[in-house]
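Residues per chain are reported as follows:
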Amino acid sequence: MFKEVEIFLPVKGKIIPLTEVEDYLFSRKVLGEGIAIEPEDNYVYSPVDGTVELVYEKKHVILISTKEGLKILIHLGLDSNSFAGKGIACYINPGDTVKKGDKILWFDKEYLTSKISLTTPVLIVNTELIKTLDINYNASNLQDTIMKAVVY
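Residues numbered from 1 in each chain as written. Predicted model: local features only at pLDDT ≥ 70, side-chain atom pairs only at ≥ 80, totals over all residues. Heavy atoms only, no water.

Engineer: Which residues make up the sheet that holds strand 10 (residues 103-107), and what values go with them?
Structural biologist: If you walk across this open sheet you meet the three strands as 4-10-8, and the pairing is antiparallel. Whereas interior strands pair on both sides, the edge strands pair on one side only; in this sheet they are strand 4 (43-45) and strand 8 (88-90). Between one strand axis and the next, the sheet turns by 20° as a mean value, whatever way the strands run. The sheet contact formed by strand 8 and strand 10 spans three bridges and is antiparallel. Each residue of the ladder has a partner; that of A89, found in strand 10, is W106. (Pairing = 2+ DSSP bridges. Helix = DSSP H or I, 4+ residues; strand = E, 2+ residues; numbered from the N terminus. Axes fitted to C-alpha atoms, helices over the stretch in contact; angles between N-to-C directions.)

As structure tokens, this is what we get:
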């Protein structure tokens, strides 16, 4: 039996295709399938109900697993390893349960914009579980559906 999983816009901003991201791993979809966002706000919210599996030590990478088994990666910024986690506050820890819309990150947009590109990929990393994936490039409001995945 197939299950549909909706993934919601986690940060207000303009959605761009991964192929337009100026980073080899994201634009070639090496890390997974999804979209990228040019953030207009300072907060990131959970795009799904699930369990936090990973918060990278510099707080710019979060991995959330859904009950259907999808693993959703949120990667705040490009070349973000270089800024040592400054300008980010994380409200979650590995093992935490999150609901769609829970506030999970705050970032100092002005500070970080001077250091890195804030283009933020949102990916499904275990694409082998996906039968079909629909992407909504017109989403613009927080919690609008950005992806619908039919999962095996």
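Engineer: Got a sec to walk through unusual backbone geometry? Specific residues and values, please.
Structural biologist: For K29, which is not a glycine, the phi torsion comes out positive at approximately 60°. Relative to the helices and strands, K29 resides in the loop between helix 1 (24-27) and strand 3 (33-39). One non-glycine residue, Q143, adopts positive backbone phi at about 70°. Looking at the element boundaries, Q143 is found in the loop between strand 12 (130-135) and strand 13 (145-151). The partly exposed category is assigned to Q143, whose relative accessible area is 21%. (Buried < 20%, exposed > 50% of the residue type's maximum accessible area, 1.4 Å probe, protein only.)

Engineer: Could you give an account of the pattern of salt bridges, with specific residues and numbers?
Structural biologist: Considering all chains together, one arrives at two salt bridges under this definition. Residues K71 and E53 are paired through a salt bridge, measuring 2.7 Å at the closest nitrogen-oxygen approach. Highlighted residues: K71 in strand 7 (residues 71-75) and E53 in strand 5 (residues 50-55), separated in sequence by 18 residues. Its relative accessible area of 38% is what places E53 among the partly exposed residues. (Salt bridge = Lys/Arg side-chain N within 4 Å of Asp/Glu carboxyl O.)

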